[in-house]
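Chain residues, written in single-letter form:
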Amino acid sequence: MGSEEIEGLLEEIKSFQASSAAEVEEFRVRFLGKKGVLRELFAQLKEADASSKKELGQLINQVKESAEQKIAALKNAGIEEGSLIDVLDLTLPGVAQNLGTRHPISIIKNRMCEIFEKIGFNISEGPEIETDWYNFTALNIPEDHPARDMQDTFFLQTNPDILLRTHTSPQQIRVMESTKPPIRIICPGRVYRNETISARAHCIFHQIEGLYIDENVSFADLKQTLFHFTKEMFGKETKTRFRPSYFPFTEPSAEMDISCLICKGKGCSVCKNSGWVEILGCGMVDPAVLENCNIDSTKYSGFAFGLGVERPAMLTYRINDIRLFFENDIRFLKQFQSA
Ligand code: DAH
């Protein structure tokens with residue numbers, strides 16, 4: 001056996017390709033098997049001239065190494081016994097990929113935002129971790145004000161000046177501080193309150209804040225904007241009503257109810273037999289809040305509202321337990337299609 005022949009074997013090993021585990025095994029037996037090429041080569045080496053022994057020995061070792069490496073590489077590539085390649089039946093139907101769907105809260109939130117965007121509101125998102133100033137003080141809720149108890153707050157233990165925002169209203173302040181009127185924004189986002197979790201309440205939920213500041217903005221503008229929103233969102237036949245309320249950052253303040261989408265106002269367990277469901281708080285921005293943001297309250301006025309997302313989502317999809325939104329159970333989530 002000469003070195004040329006061995007070079008030929010090396011070439012053969014290098015170019016070898018296999019498409020099944022059986023072919024790899026055949027290759028292994030041919031080179032490394034008991035009666036294989038290498039056995040034969042080592043036997044011949046014993047007989048070789050002393051002068052060429054060293055060179056031949058090195059070449060034969062190369063053959064052994066490259067054959068072993070080739071087999072390992074083919075096995076790594078998945079061509080080994082029982083591998084996919086051997087059982088692959090290309091005529092079988094494919095495995096369907098599960099397509100993700102939008103979360104029901106996102107679907108409803110997007111729909112709500114779209115209605116306001118179409119009438120000229122811009123989206124402005126703010127941080128979920130807020131300071132006392134933005135979440136309370138600038139909104140006319142000074143320290144020791146009983147209105148702070150309206151919202152059970154998660155404070156940072158080491159620095160009670162920092163908290164998880166309890167509503168989306170702080171974003172009003174951030175925008176008013178940095179923008180000259182006219183301002184027309186909606187601020188969708190997640191808010192946090194230290195509430196006991198039940199079928200009707202959760203410590204995490206979503207709101208959409210609205211703010212409109214310009215010269216001569218009146219309560220009539222607020223009402224018309226919200227009437228328009230309600231008809232677009234819940235249907236033309238949906239009725240609305242305003243009830244006087246109190247919020248420190250608006251004066252006058254109101255809450256708005258819509259006729260229950262489930263019983264159409266006749267009374268059911270969802271609306272606690274009243275026929276009405278509350279969906280938002282609103283009012284004319286208190287001049288003190290405008291002044292906190294250096295906006296001249298003698299020149300400008302405006303309205304604000306804070307719209308919940310979970311309740312309309314529950315009404316729209318007939319969901320009776322708010323916790324379902326946050327459990328991320330795929331059997332629940334895949335029932336919603338974004339239109
Ligand atoms: N921030 C209030 C809350 O979470 C909701 C609200 C009420 C927002 C009246 C407003 C408003 O902008 O004008 O309870």
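Residues numbered from 1 in each chain as written. Predicted model: local features only at pLDDT ≥ 70, side-chain atom pairs only at ≥ 80, totals over all residues. Heavy atoms only, no water.

Enquirer: Would you mind showing me how to read the packing of aromatic side chains here?
Expert: Here a ring pair, both rings aromatic, is described through the centre-centre distance and the interplanar angle of the planes. Using the criterion set out here, one finds 15 aromatic pairs in the structure. Taken together through their ring pairs, the aromatic side chains of F116, F121, Y212, F229, F234, F303 and F305 make up a single cluster. The ring of F242 has K223 sitting right over it, with the charged end atom 5.5 Å from the ring centre. (Phe/Tyr/Trp six-rings, centres within 6.5 Å; stacked < 30°, edge-to-face > 60°. Lys NZ or Arg CZ within 6 Å of the ring centre and 35° of its normal.)

Enquirer: In this structure, what is going on with the domain arrangement of the chain? I would like to understand it.
Expert: Quoted interface sizes are often the accessible area lost when the parts come together. By the assigned domains, the chain splits into domain 1 (3-87) and domain 2 (104-336). Averaged C-alpha coordinates put domain 1 and domain 2 at centres separated by 74 Å. (Domains from an automatic or database assignment.)

Enquirer: Teacher, can you tell me more about the site of the ligand here?
Expert: The environment of the ligand is made up of 16 residues, and the closest members are H167, S169, R193, Q207 and E209. Q207 places a polar side-chain atom, nitrogen or oxygen, 2.9 Å from an oxygen atom of the ligand. At a separation of 3.1 Å, an oxygen atom of the ligand approaches a polar backbone atom of A304. When the free accessible area of the ligand is taken as 350 Å², the share hidden by the protein chains comes to 93%. Taken together, the elements giving at least two residues each to the shell around the ligand come down to β6 (204-214), β9 (276-285) and β10 (301-308). Of the residues assigned to the shell around the ligand, the class counts are 5 nonpolar, 9 polar and 2 charged. (Near = heavy atom within 4 Å. Polar contact = N/O pair within 3.5 Å; in protein donor to acceptor, adjacent residues only side chain to side chain. Areas by Shrake-Rupley, 256 points an atom, 1.4 Å probe, with all protein chains shown as cover. Helix = DSSP H or I, 4+ residues; strand = E, 2+ residues; numbered from the N terminus. Nonpolar A, V, L, I, M, F, W, Y, C, P; charged D, E, K, R; others polar.)

Enquirer: How do you make sense of the sheet that holds strand β2 (residues 129-131) when you look at a structure like this?
Expert: Sheets are built from strands that pair by backbone hydrogen bonding, the pairs being arranged parallel or antiparallel. In spatial order, the strands read β2-β4-β3; together these 3 strands make up an open sheet with antiparallel pairing. Only two strands of the sheet have a single neighbouring strand rather than two, namely β2 and β3 (155-156). Inspection of the sheet shows β2 paired to strand β4 (residues 159-164) by 3 bridges, in the antiparallel sense. Residue pairing for β4: I129 is matched across the bridge by L164. (Pairing = 2+ DSSP bridges.)

Enquirer: How do you make sense of the pairing of strand β8 (residues 250-259) when you look at a structure like this?
Expert: The two faces of a sheet get side chains in turn, since along a regular strand they alternate between them. Counting buried residues in β8 gives 8 out of 10 residues, a clear majority hidden from the surface. Hairpin connection of strand β7 (residues 240-247) to β8: 2 residues between the antiparallel strands. By the bridge criterion, 8 bridges tie β8 to β9 in an arrangement that is antiparallel. Bridged to E255 within β9 is G281. (Buried < 20%, exposed > 50% of the residue type's maximum accessible area, 1.4 Å probe, protein only.)

Enquirer: Sorry if this is basic, but what is going on with the sheet that holds β7 here?
Expert: Spatial ordering of the open sheet is given by β1-β5-β6-β10-β9-β8-β7, a layout of 7 strands whose pairing is mixed. Each of the sheet's edge strands pairs with one partner strand only, and the pair in question is β1 (122-123) and β7. Note that β1 and strand β5 (residues 183-192) share 2 bridges and pair parallel. Counterpart to I123 in the pairing with β5 is I186.

Enquirer: Looking at this structure, how should I read the side chain of S124?
Expert: Counting through the fold element by element, S124 comes out in the loop between β1 and β2. Among the polar contacts listed, one links the side chain of S124 to the side chain of Q171, at a separation of 2.8 Å. Filtering out sequence-adjacent residues up to four positions away, S124 remains in contact with Q171, V175, I185, I186, C187 and P188. (Contact = heavy atoms within 4.5 Å.)

Enquirer: How should I be thinking about the nonpolar core in this particular structure?
Expert: What tends to happen in soluble globular proteins is that the nonpolar side chains get buried as a cluster. Within the largest apolar cluster, 43 residues are counted, with the highest numbers of intra-cluster contacts made by F229, F305 and L307. Looking at this core element by element, the count peaks at 7 residues for helix α6 (residues 104-118). Those residues in contact with L307 that sit more than four places away from it in its chain are M112, F116, H206, Q207, I208, F229, I279 and L280. By size, the runner-up hydrophobic cluster in this structure holds 24 residues, among which are A138, L139, L163 and I213. (Core = buried A, V, L, I, M, F, W, Y, C linked by side-chain atoms within 4.5 Å.)

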